[in-house]
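Chain by chain, the residues:
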Amino acid sequence: MYCHKAELLINRYLKDKLDTREMVSFKDHLAICKSCSSSLKIAKALLEEQGLQPAVKAPGGFTEDVMSAVFSLEADKKAHPTEYDQKGWSMAYRRLGFSLVLTAGIIVFSFLVPAFRGYSGVISTPAPQNDNTSGYIDVFTGLDSGVKGIFENINKSVIDFKGGTDNEL
Amino acid sequence: MTWKTTKEVMGVLMTDESIIELVLAGNTHMFSQLVDRHKDKIYGMALSFTGNNSDAQDVSQEIFIKAYKNLFRFNRKSKFSTWLYRVSYNVCIDWIRSNNKHGRDLDLTGFDNILTDSRAGPEESFLEKEKRFILKKAIYDLKEKYRNILILFYFQALSYEETAEVLEIPVKTVETQLYRARKQLKVLLKHETGDEPYVLP
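Criteria and cut-off values
Residues numbered from 1 in each chain as written. Chains lettered and ligands numbered in written order. Predicted model: local features only at pLDDT ≥ 70, side-chain atom pairs only at ≥ 80, totals over all residues. Heavy atoms only, no water. Helix = DSSP H or I, 4+ residues; strand = E, 2+ residues; numbered from the N terminus. Buried < 20%, exposed > 50% of the residue type's maximum accessible area, 1.4 Å probe, protein only. Areas by Shrake-Rupley, 256 points an atom, 1.4 Å probe, with all protein chains shown as cover. Contact = heavy atoms within 4.5 Å. Arc of directions from axis to C-beta. Patch = residues over 30% accessible without salt bridge, like charges linked within 9 Å, V, L, I, M, F, W, Y side chains within 5 Å. Salt bridge = Lys/Arg side-chain N within 4 Å of Asp/Glu carboxyl O. Lys, Arg positive; Asp, Glu negative; His and termini not counted. Charge placed at Lys NZ, Arg CZ, Asp CG, Glu CD. Phe/Tyr/Trp six-rings, centres within 6.5 Å; stacked < 30°, edge-to-face > 60°.

(A) Layout of the overall build of chain A. Summing up its helical and strand segments, chain A has eight helices and zero strands in all. Looking at chain A as a whole, 26% of its 169 residues are labelled buried. Here chain A has roughly 11800 Å² of accessible surface; of this, 60% comes from carbon and sulfur atoms.

Dropping the structure here:
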């Protein structure tokens, strides 16, 4: 048995949880290894220390003090419900996160899908010189026409599927 | 013969999980049953980390208040006591860090009591008591990670599994860290006593 293995078995040895084979190997190793023997003594001292610990008791009135704080907390919750609405806040964050992901997804989708008509115009149009404002306006116009284009395609697909015209819908 | 109130009898008969259900349903006063059941252990844990009664009282109250606020997060995958230990551990660590407490800064006054502790019996020699004091001092001189795991495993008497849950590490890692903690302790004790190995009676 190597030292590393013996060290890991020390606590189980002290709690009498080694099987027969492990016990024999462990004791044989201790007989020849000074380092592991001293580790065993330290572990034994720690366990003995645990047994010698005086029984700790919480001070008198402890529960009353805790409950006083808890009741104050409850009173504050009733006075300011939204601040403490843990589940409500968690749902709100989830909804916000979902909205952000959806918006980001639409924007990324708009840039990546080549069939998205509104964008081909934006990409091929050279950036205006010395006029950043109109450049940004073009991007947003492209976004807007891009989104419009998606819904037009969807609408067309629905009409085709139903085999009718827009007027009939 | 003392007559217990219905509430007290109910509290004694109910499991922690049942009491939690009642508390979450709005029966706030039932939380006192949980506090009564676990206050000594939690106070003991806070005392192990803070080293003095005054701070231990503040920290242990903070633990229960935090537990109350987060009771809805208890998911019954482990025992309530283990979950409470995890909350306690986190609060104690936060306290140590926010107060910039290191092992050597901890008030070791409580450890002086070891030298006069009569619990071990009058036959325990002063020399043996002094060795215990040296051992405890060395524990508090360890790195935070090693000190904490020794406190949890030896002084709080948590099992491997409970220690693993509190520290949120695998059981095998608990074994490895205990081994490294003892190795560090050996070095410190040798430095302190000039003795190899640390001699026990």
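(B) Inspection of the overall build of chain B at higher detail. Summing up its helical and strand segments, chain B has 10 helices and zero strands in all. When each of the 201 residues of chain B is scored for burial, the buried share is 50%. Restricting to contacts in chain B with at least 6 residues of sequence separation, those with at least 24 account for 60%. Surface summary for chain B: the accessible area is close to 10300 Å², and the carbon and sulfur share equals 50%.

(C) How the structure looks around helix α2 (residues 16-24) of chain B. Of the residues making up α2(B), those classed as buried are B:Asp16, B:Ile19, B:Ile20 and B:Val23. Along the long axis of α2(B), the arc covered by the buried residues comes to 105 degrees, so they all point the same way.

(D) A positive patch on the surface, seen in detail. Taken together, the side chains of B:Lys143, B:Lys145, B:Arg180 and B:Lys183 make up a positively charged region of the molecular surface. Tracing the backbone through its elements, the reader meets B:Lys145 in helix α8 (residues 144-155).

(E) Spatial organisation of the packing of aromatic side chains. According to the stated counting rule, one finds nine aromatic pairs over all chains in the structure shown. An angle of 70 degrees between the planes, with centres 5.8 Å apart, marks the rings of A:Phe62 and B:Phe64 as edge-to-face. Here B:Phe64 lies in helix α4 (residues 53-69) and A:Phe62 lies in helix α4 (residues 62-79), a pairing that spans two chains. Both residues of the pair, A:Phe62 and B:Phe64, count as buried. Ring centres of B:Phe153 and B:Tyr160 lie 4.9 Å apart, and the angle between their planes is 40 degrees; this geometry places the pair in the tilted category. When sorted by exposure, B:Phe153 lands in the same class as B:Tyr160, which is buried. An aromatic cluster of at least three residues, connected via ring pairs, comprises B:Phe74, B:Phe80 and B:Trp83.

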